[in-house]
Amino acid sequence: MDCLPVDTVRQPTRNHIETIEKILCKRLHAIGPISGERSACISARMRRLKANRLGAGIPVPKMEVHLKKLISGNEAFARGAYEAGVTVASGYPGTPSTEIMEALVHYKDEVYCEWSPNEKVALEVGAGASLAGARALVTMKHVGLNVAADPLMTLSYIGVEGGFVVCVADDPGQHSSQNEQDTRHYARLAKIPIFEPADSQEAIDFMKLAFDVSEKYRTPVIMRSTTRVSHSSSMVEFGKRAMLRNVAFVKNPPRYVPIPIWGRKMRVEVEQRLTDLAEAACVSKANRIEYRDRSLGIVTCGIAYQYTREVFPEASILKIGWGYPFPDRLIREFAAGVDKVLIVEELDDIMEEHIRAMGIACEGKSVVSPIGELSPDRLRETRARMEGREIPVAEPLAEAADLPGRPPVLCPGCPHRGVFYGLTKHDVVVTGDIGCYSLGVFPPLSRQDVILCMGGGVTLAHGMDKAGEGRKVVGMVGDSTFFHSGITGLLNVAYNKSAATIIVVDNRTTAMTGHQDHPGTGRTLMGEATIEASIEEIGRACGIKRVVTVDPYDLGATEKALAAEIESDEPSLVVSRAPCPLQTRTMVGPLHEIDQEACVNCGRCLKLGCPAIESDGDTVKINSLLCAGCGMCFEVCKVGAVEVKEGGAA
Amino acid sequence: MTTSVVIVGVGGQGVLLASEITANAAIAAGHQVKTNEVHGMAQRGGSVIAQIRYGEEVLSPLVPEGEAVVLASLERIEALRYSRLLAPGGLVVVSDQQIVPTTASSGQAVYPTDAEERLKRVYPKLLYLKAEEIATRLGNPRAANVVVVGAMSRALELPLEAWREAVASAVKKEHLDLNLKAFDEGRGAK
């Protein structure tokens, strides 16, 4: 067994990337380069495992497997960037992209990593680093690229120095997103290359390739992931980190300043670059033809490649890993080599439209839905449709027909609940925003009336107010969202004299995506102490006169403050502040329970929508495994039936 | 030949740890492995699913319908939601834990009182375990997920040593003894 490279033992130790050598070395205390002696022990263990398996009559897979590691696509993107010699990385959290930066920061001694306040800032930070000569990675989810689109469009003209890759994770199926937009459109719009890996190994390999392409053609590059690439794990081999580039910005205004006289010249160069890139895409290892049976040829990309091979094992495949500019020559060669062409792409018909425009007859969205994510099951339907077979409809299971739904909910002890509960006392319109508090839309709280985008909670409220909405309009944003894009909206509320009440529900973290730091937390992604931007002071600096801070666990005080601000016709800012208990991992207070003798089953506590309070219609109980001890149920109970659980002190 | 396993439950119950142990056991036994997990919004107390596939070459990380040889559930009614994934003759392991969703507590729906009967009707090969009770007896109710993994392990052709190594790799050293006991209890459960 070969010695493992030193860096494999300094890998992120997050549980789900446990690797085979880690499993085997755990008992050997292998925290350091693996010596020959340790290596021999590991081999002996593997031989023993092998012997066990032979004894059990199970075929033994190839032994080199033990050098591979099981890591998620997001961890692989980070590893690929590390191996590519990235020295600056920036991003804004967003499912399913968040873990890329969280994995990359494990290399913080060699890679500067930051959470930027928003995606536009992150992309510009990366662009600056690249123009100074460094290799830079920027990460975000698909809707984040809308925020960052402005700098990306012109960076395409200016071009880059050090390799520049923006890794964007789409969310087909909208598992955690407000829309299902297809990032591939941006590659065409910005006239830049896009790569689409199909598993974790390709995430590493394509990342390195993308940086090379970026530098060679001086172009920003998009690395497109999707939920099932980012959050699936598969086995990879690690490589070495590339040599680092020199950093020294070279003054060259005609190249870096797109004033019209120079911008027009850049415009021409962008088109020439696209022609060159298309040729490179045709010979790139990222695009390949797999000939099998020639009667059906399938063009596919990203994760859809895996599903296609699963469901059409006999078909020939043109696997597209470098999706734009289109590899026309390769497409023509493939189409000429098969009888019939089918395009299997997740979301929009981007390849199909282009291939049809090339004059090649094909099927695509006629048999593969553009809506929602693909899966082997959906492709089985596609296959049945193509073969004219009936699509078997599974009998719905009677035993599962009436199961209660289990939508995501505000956690037990969530401080947002106090604000939502306070708002249930008022007939107001609440313009909401993107974050955990989106969950306030569900009954029984039902206090999010519209959600548009990051920062939209503030600005929509102002627009509704100016339109003359009869009810009071309340805009709500989270802390991370406020720093992301709520500040300009708040400035507008003050500047243009809105009567809207703006509430910032500050739980001291970016909670929904898994607790990332932001400019208000006092800590950077690299774990350093830093400034704690004050939401109240920003509000006052914007010109808001009425600024009030509340403790959302104090329902009485929260209700009173909300009532006063909702009453007022001046612009006002309410900051509800309490840390997310899921992050602090502490009880908010003592465990509570319900005295069944005293409980009159009035249902008042159930109006909090707390998952720890369970009712079967007759009795109400508090699940002590779930209770976070926030005491809101104690506060709302009018008959004193909620009490501190015996021995339940925090 | 790809072997598919599905583990479901409610966010916060330890579905991902159970998935990790299973994947690591398959790796320790020398297989190629792919897994898929739910992150983000779906985790906030929602229904959670983890999928593990292993074999010589694994393509899709998603388990196709009717291919899971084991379906494990850390919550009693969650097992009923994913029946379409189970292969004919597959083993179903269900922890009898009951977590009532807010949809039921707020009166919009009813949590079934006959979950066990339903499970028996739907799944001919069912192991209905008091996993939480077992884990509590061993010292920590949170180890219920490892009891379930132990029970699952009987239907998967992976060496016992690989499972034990996988448990060791996934839990903190100070919790190892308890978790290995939890695994063994699950593996021996009737």
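Visitor: What exactly am I supposed to notice about the overall build of chain B here?
Guide: When helices and strands are counted, chain B shows eight helices and six strands. In sequence order, chain B lays out its α and β elements as β-α-β-β-β-α-β-α-α-β-α-α-α-α. Against the 2.2 N^0.38 benchmark of 16 Å for 190 residues, chain B shows a C-alpha radius of gyration of 16 Å, consistent with a compact globule. With the C-alpha coordinates of chain B rotated into their principal frame, the extents come out at 50 × 35 × 35 Å. A burial count over chain B gives 67% of its 190 residues as buried. Partitioning the intrachain contacts of chain B with sequence separation of at least 6 by distance along the chain shows that 64% fall at a separation of at least 24.

Visitor: Please explain the overall build of chain A as it appears in this structure.
Guide: Secondary structure summary: chain A contains 23 helices and 23 strands in total. When the 650 residues of chain A are sorted by exposure, 59% land in the buried category. Across chain A, contacts joining residues at least 24 apart in sequence account for 75% of those joining residues at least 6 apart. Surface summary for chain A: the accessible area is close to 26,000 Å², and the carbon and sulfur share equals 54%.

Visitor: I'm lost on the environment of Ala242(A) in this one. Help?
Guide: Residue and element names in this part refer to chain A. Considering the arrangement of structural elements, one finds Ala242 in the loop between strand 8 (232-236) and helix 11 (253-256). Linking Ala242 and His106, residues 136 residues apart in sequence, is a C-alpha distance of 17 Å. Residues contacting Ala242, with those up to four places away along its chain left out, are Glu83, Ala84 and Gly85.

Visitor: Can you help me understand the sheet that holds strand 6 (residues 194-195) of chain A in this one?
Guide: By way of backbone hydrogen bonds, the strands of a sheet pair with one another, either parallel or antiparallel. Residue and element names in this part refer to chain A. Across the sheet, seven strands lie side by side as 3-2-4-5-7-6-12; this open sheet has mixed pairing. Both outer strands of the open sheet, strand 3 (112-115) and strand 12 (322-324), are each paired with one neighbouring strand and no more. In terms of strand pairing, strand 2 (residues 88-91) meets strand 3 through four bridges, oriented parallel. Counterpart to Ser90 in the pairing with strand 3 is Glu114. The strands touched by helix 5 (residues 119-131) are strand 2, strand 3, strand 4 (136-141) and strand 5 (164-170); relative to strand 4, the strand with the most contacts, the crossing angle is about 165°.

Visitor: Help me understand the pattern of salt bridges in this model?
Guide: Two side chains with opposite charge may pair up if their charged atoms get near one another. Summed over the entire model, instances satisfying the criterion amount to 52 salt bridges over all chains. Members of the salt-bridge network, linked through shared partners, are Asp170(A), Asp182(A), Arg184(A), Glu196(A), Arg224(A) and Glu345(A).

Visitor: Please clarify how a positive patch on the surface should be interpreted in this entry.
Guide: All names here are of chain A. A cluster of like positive charges, contributed by Lys425, Arg604, Lys607 and Lys638, occupies part of the molecular surface. Relative to the elements of secondary structure, Arg604 occurs in the loop between strand 20 (592-594) and strand 21 (613-615). Arg604 gets classed as partly exposed once you look at its relative accessible area, which sits at 33%.

Visitor: Whenever I open this one, the interface of chain B and chain A confuses me. Can you help?
Guide: When the parts of a complex come together, some accessible area is lost, and that lost area is often taken as the interface size. On the chain A side, the residues contacting the 68 residues of chain B number 69 residues. In this assembly, chain B packs against chain A so that about 6,200 Å² is buried in total across both faces, 55% of it on carbon and sulfur atoms. Remark: the boundary between chain B and chain A carries seven salt bridges. Glu78(B) is paired through a salt bridge with Arg406(A); the nearest N and O atoms lie 2.6 Å apart. Seen at the junction of chain B and chain A, the total is 23 residue pairs in polar contact (both at pLDDT 80 or more). Those elements that provide at least two residues to the side of chain B that touches chain A are helix 1 (15-28), strand 2 (32-36), strand 3 (47-55), helix 2 (78-81), helix 3 (102-105), helix 4 (115-122) and helix 7 (160-170) of chain B.

Visitor: Whenever I open this one, the packing of helix 1 of chain B against helix 7 of chain B confuses me. Can you help?
Guide: Residues and elements named next belong to chain B. Where helix 1 contacts helix 7, the two axes come as close as 8 Å, and the packing angle between them is 135°. Between helix 1 and helix 7, the crossing angle belongs to the class labelled oblique. Two packed elements cross with a definite hand, and for helix 1 against helix 7 that hand is right-handed. Here Leu17, Glu20, Ile21, Thr22, Asn24, Ala25 and Ala28 of helix 1 lie close against helix 7, whose contacting residues are Ala162, Trp163, Ala166, Val167, Ser169 and Ala170. The residue makeup of the contact of helix 1 with helix 7, split by class, is nine nonpolar, three polar and one charged.

Visitor: Teacher, can you tell me more about the nonpolar core here?
Guide: Val33(B), Val93(B), Tyr123(B) and Met152(B) are the most contacted members of the largest nonpolar core, which has 74 residues in total. With eight residues, helix 1 of chain B is the single largest residue contributor to this core. Apart from residues lying up to four places away in sequence, Tyr123(B) is in contact with Leu71(B), Ala79(B), Leu80(B), Tyr82(B), Ser83(B), Leu86(B) and Val92(B). Grouped together as the second largest cluster of nonpolar side chains are 62 residues, Leu137(A), Ile204(A), Ala210(A) and Val344(A) included.

Visitor: Please clarify how the packing of aromatic side chains should be interpreted in this entry.
Guide: Working definition: an aromatic ring pair is given by the centre-to-centre distance plus the angle between the planes. Residues and elements named next belong to chain A. All told, the structure shown has eight aromatic pairs over all chains when counted by the stated rule. Relative to Phe326, the ring of Tyr324 lies with its centre 5.4 Å away and its plane at 85°, an arrangement referred to as edge-to-face. Phe326 shares its class with Tyr324; the two are buried. Here the aromatic cluster, defined as three or more aromatic residues joined through ring pairs, consists of Phe195, Phe206 and Trp322. In this structure, Lys69 is placed above the aromatic ring of Phe238, and the distance from its NZ or CZ to the ring centre is 4.7 Å. A cation over a ring is seen here: Arg79 above Phe238, with NZ or CZ 4.2 Å from the ring centre.

Visitor: What's the story with unusual backbone geometry in this structure? I'm lost.
Guide: Most peptide bonds take the trans form, and the phi angle of most residues other than glycine is negative. Residues and elements named next belong to chain A. Put simply, Thr95 and Pro96 share a cis peptide bond, and its omega is 10°. In this structure, Pro96 sits in the loop between strand 2 and helix 4 (99-104). Residues other than glycine seldom take positive phi values, yet His515 does so here, at roughly 70°. Following the sequence through the fold, His515 ends up in the loop between strand 17 (501-506) and helix 20 (535-542). Phi is positive for Arg585, close to 55°, though the residue is something other than glycine. Along the chain, Arg585 falls in the loop between helix 22 (581-584) and strand 20. Relative accessible area serves as the criterion here: at 74%, Arg585 is assigned to the exposed category.

Visitor: Help me understand the side chain of Arg118(B), please; the structure alone is not making it clear to me.
Guide: Positionally, Arg118(B) belongs in helix 4. Arg118(B) gets classed as buried once you look at its relative accessible area, which sits at 8%. In terms of polar contacts, Arg118(B) uses its side chain to reach the side chain of Asp402(A), at 2.7 Å. At 2.8 Å, the side chain of Arg118(B) and the side chain of Asp114(B) are in polar contact.

Visitor: Explain helix 19 (residues 479-495) of chain A here, please?
Guide: One turn of the α-helix equals 3.6 residues, which is why residues spaced by three or four share an orientation. Residues and elements named next belong to chain A. Along helix 19, the sharpest change in direction is near 70° and occurs at Gly486. Taken together, the buried positions of helix 19 are Asp479, Ser480, Thr481, Phe482, Phe483, His484, Gly486, Gly489, Leu490, Val493 and Ala494. One or two residues past the end of helix 19 sits Lys497, with phi positive at roughly 55°.

Visitor: Sorry, what's going on with the environment of Asn496(A) here?
Guide: All names here are of chain A. Locating Asn496 in the fold gives a position in the loop between helix 19 and strand 17. In sequence terms Asn496 and His462 are 34 residues apart; their C-alpha atoms lie 8.8 Å from each other. Leaving out residues up to four positions away in the same chain, Asn496 has contacts with His462 and Lys466. Polar side-chain contacts of Asn496 include one of 2.6 Å to the side chain of Asn492.

Visitor: In this structure, what is going on with the pairing of strand 4 (residues 68-73) of chain B? I would like to understand it.
Guide: Within a regular strand, the side chains alternate between the two sheet faces. Residues and elements named next belong to chain B. Of all six residues making up strand 4, five are buried, and the element is well covered by its neighbours. By the bridge criterion, five bridges tie strand 1 (residues 3-10) to strand 4 in an arrangement that is parallel. Paired with Ile7 across the bridge in strand 4 is Ala72. Here five bridges tie strand 4 to strand 5 (residues 86-95), and the two strands are oriented parallel to one another. Considered in strand 5, the bridge of Ser73 is made with Val94.

The rules behind the values
- Residue positions are counted from 1 within each chain, in the order its sequence is given.
- Note on labels: chains are lettered from A, ligands numbered from 1, in written order.
- Restriction of local features to residues with pLDDT of at least 70 applies here, the model being predicted, together with a cutoff of 80 or more for giving and counting side-chain atom pairs; totals for whole chains, interfaces and linings are based on all residues.
- Based on all heavy atoms of the structure, the side-chain values leave hydrogens and waters out of the count.
- A run of H or I in DSSP counts as a helix once it spans at least four residues, and a run of E counts as a strand once it spans at least two, with each numbered from the N terminus.
- Only C-alpha atoms enter the radius of gyration; for comparison, a globular chain is expected to reach 2.2 Å times N to the power 0.38, where N is the number of residues.
- For the exposure calls, accessible area comes from a 1.4 Å probe over protein chains only, and a residue counts as buried if that area is under 20% of its type's maximum, exposed if over 50%, partly exposed in between.
- Contact definition: two residues touch when any of their heavy atoms are within 4.5 Å.
- The Shrake-Rupley method, run with a 1.4 Å probe sphere, supplies the accessible areas, and residue values consider only the shown protein chains as cover.
- Note: two strands are recorded as paired if DSSP finds a minimum of 2 bridges between them.
- Only the contacting stretch of a helix is used when fitting its axis, a line to C-alpha atoms as for every element, and angles between N-to-C directions run 0 to 180 degrees.
- Any carboxyl oxygen of Asp or Glu that lies within 4 Å of a side-chain nitrogen of Lys or Arg is treated as forming a salt bridge with it.
- Patch criteria: residues need more than 30% relative accessible area and no salt bridge. Like-charged residues are merged within 9 Å; nonpolar side chains of Val, Leu, Ile, Met, Phe, Trp and Tyr are merged within 5 Å.
- His is not counted here, nor are the chain ends, while Lys and Arg score as positive and Asp and Glu score as negative.
- A charge is said to be at NZ when it belongs to Lys, at CZ for Arg, at CG for Asp and at CD for Glu.
- Simply put, the buried area is the total loss of 1.4 Å probe accessible area from both parts when two parts are fitted together.
- We define a polar contact as two N or O atoms separated by no more than 3.5 Å, with the added condition that, inside protein, one atom must be a possible hydrogen donor and the other a possible acceptor, whereas residues neighbouring each other in sequence contribute only through side-chain atom pairs.
- Oblique is the label for any angle not under 35 degrees, not over 145, and not in the 65 to 115 range, which are roughly parallel, roughly antiparallel and roughly perpendicular in turn.
- Should the near helix be turned anticlockwise from the far one by less than a right angle, the crossing is termed left-handed; should it be turned clockwise, right-handed.
- Each residue is assigned to one of three groups, with Ala, Val, Leu, Ile, Met, Phe, Trp, Tyr, Cys and Pro labelled nonpolar, Asp, Glu, Lys and Arg labelled charged, and all others, Gly among them, labelled polar.
- Only buried Ala, Val, Leu, Ile, Met, Phe, Trp, Tyr and Cys residues count toward a nonpolar core, and they belong to the same one when joined by side-chain atoms within 4.5 Å.
- Put simply, two rings from Phe, Tyr or Trp (the six-membered ring, in Trp's case) pair if the centres are within 6.5 Å, and we call them stacked under 30 degrees between planes, edge-to-face over 60, tilted for the rest.
- Criterion for a charge above a ring: Arg CZ or Lys NZ at most 6 Å from the ring centre, at most 35 degrees from the ring normal.
- What is called the bend at a residue is the angle between a pair of axes, fitted to the seven residues leading up to and ending at it and to the seven starting from it.

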